[in-house]
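The lines below spell out each chain.
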Amino acid sequence: MFHSNNNNTRPPTNMTTTTTTISEQQQGPTPKGWNKNRRDICKVLLLFTCIQLLGNQPIGATVTSSASVLCIKEGTFWSTKNLKWLILSVISFGSSLMSYILVRGYHDMDDDKASHGVSFALFFMAKSIQTFWGVTLGMFLFSAFTSPQAATSAVLTGKPPSPSSVLQNNNTTSAPRVGTTVY
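Residues numbered from 1 in each chain as written. Predicted model: local features only at pLDDT ≥ 70, side-chain atom pairs only at ≥ 80, totals over all residues. Heavy atoms only, no water.

Visitor: Explain the pattern of salt bridges here, please?
Guide: Side chains that differ in charge, positive against negative, can pair when their charged atoms come close. Throughout the structure, instances matching the rule amount to 3 salt bridges. Among the ionic pairs, Lys-36 bridges to Asp-40, the shortest N-O distance being 2.9 Å. Taken together, the residues Lys-36 and Asp-40, both in helix H2 (residues 34–54) and 4 residues apart, mark about one turn of the helix. Judged by relative accessible area, which is 34%, Lys-36 ranks as partly exposed. We classify Asp-40 as partly exposed; its relative accessible area is 29%. For the salt bridge of Arg-104 with Asp-108, the shortest nitrogen-to-oxygen distance reads 3.0 Å. Taken together, the positions of Arg-104 and Asp-108, both in helix H4 (residues 80–108) and 4 residues apart, correspond to about one turn of that helix. A residue is classified by how much of its surface remains accessible, and Asp-108, at 53% relative accessible area, is exposed. (Salt bridge = Lys/Arg side-chain N within 4 Å of Asp/Glu carboxyl O. Helix = DSSP H or I, 4+ residues; strand = E, 2+ residues; numbered from the N terminus. Buried < 20%, exposed > 50% of the residue type's maximum accessible area, 1.4 Å probe, protein only.)

Visitor: Please clarify how a nonpolar patch on the surface should be interpreted in this entry.
Guide: Nonpolar side chains collect at one region of the surface, where Val-44, Leu-47, Phe-48, Ile-51 and Phe-145 lie side by side and expose about 450 Å² of accessible area between them. With 4 residues, the top contributor of residues to the nonpolar patch is H2. Assignment of secondary structure puts Leu-47 in helix H2. When its relative accessible area of 33% is taken as the criterion, Leu-47 is described as partly exposed. (Patch = residues over 30% accessible without salt bridge, like charges linked within 9 Å, V, L, I, M, F, W, Y side chains within 5 Å. Areas by Shrake-Rupley, 256 points an atom, 1.4 Å probe, with all protein chains shown as cover.)

Visitor: In this structure, what is going on with the packing of aromatic side chains? I would like to understand it.
Guide: The description of an aromatic ring pair uses the distance of the two centres, along with the angle that the planes make with each other. Per the stated rule, a full pass over the model turns up 2 aromatic pairs. Considering the side-chain rings of Tyr-106 and Phe-123, the 5.1 Å spacing of their centres and the 45° angle between planes classify their relative orientation as tilted. Here Phe-123 lies in helix H5 (residues 116–145) and Tyr-106 lies in helix H4, a separation of 17 residues in the sequence. A residue is classified by how much of its surface remains accessible, and Tyr-106, at 28% relative accessible area, is partly exposed. You can call Phe-123 partly exposed: its relative accessible area is 35%. The interplanar angle of 20° and the centroid separation of 5.8 Å between the aromatic rings of Phe-120 and Phe-124 together place this pair among those described as stacked. (Phe/Tyr/Trp six-rings, centres within 6.5 Å; stacked < 30°, edge-to-face > 60°.)

Visitor: Can you help me understand the side chain of Thr-136 in this one?
Guide: Within the secondary structure, Thr-136 sits in helix H5. Among the polar contacts listed, one links the side chain of Thr-136 to the backbone oxygen of Phe-132, at a separation of 2.8 Å. (Polar contact = N/O pair within 3.5 Å; in protein donor to acceptor, adjacent residues only side chain to side chain.)

Visitor: What should I look at first to understand H4 in this one?
Guide: Each full turn of the α-helix corresponds to 3.6 residues, which orients residues three or four apart in the same direction. Its 29 residues give H4 an end-to-end C-alpha distance of 42 Å, which sits within 8% of 42 Å, the value for a rise of 1.5 Å per residue. When we look at burial in H4, the residues that qualify are Asn-82, Trp-85, Leu-86, Leu-88, Ser-89, Ser-92, Ser-95, Ser-96, Ser-99, Leu-102 and Val-103. Elements that come into contact with the buried residues of H4 comprise H2, helix H3 (58–72) and H5. (Expected span 1.5 Å × (residues − 1). Contact = heavy atoms within 4.5 Å.)

Quick look at the structure:
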């Protein structure tokens, strides 16, 4: 209906336009150790989150878990190690925020008008979330902080350990292990 057959309405074909977004300018190779540094900071923040969840401090746990989310998101997103800690940080933020909301609801409930069953349910759910996620996060952090020597040497040298060095570290005695077959 409003279509025009006039060729003057088309843009000129000899012009080229180049657009560059800010995100394209900021992307590039990260410096060596940048992601590991971000993960280490995130682990320490999550350790404080775990302590505060188990210590009945949901406000502090919410603050430290949100700081860990903001810290780890600055690293390379598609790195599997960073993605694992980002997921743990987001779950920690959600569970600490939900726990805070439930504790707040428990404390704001009027004891005269509310049933004790609802009050107990709010308190029990808040404590269950705090305890369950605090223990789960603690196991992840314990595993991360007590990693084997082969993994730390791979991080320090930038290359995986050789099979002979792994065998030498694992076999301290010449006797075969129980349940293994020697050929």
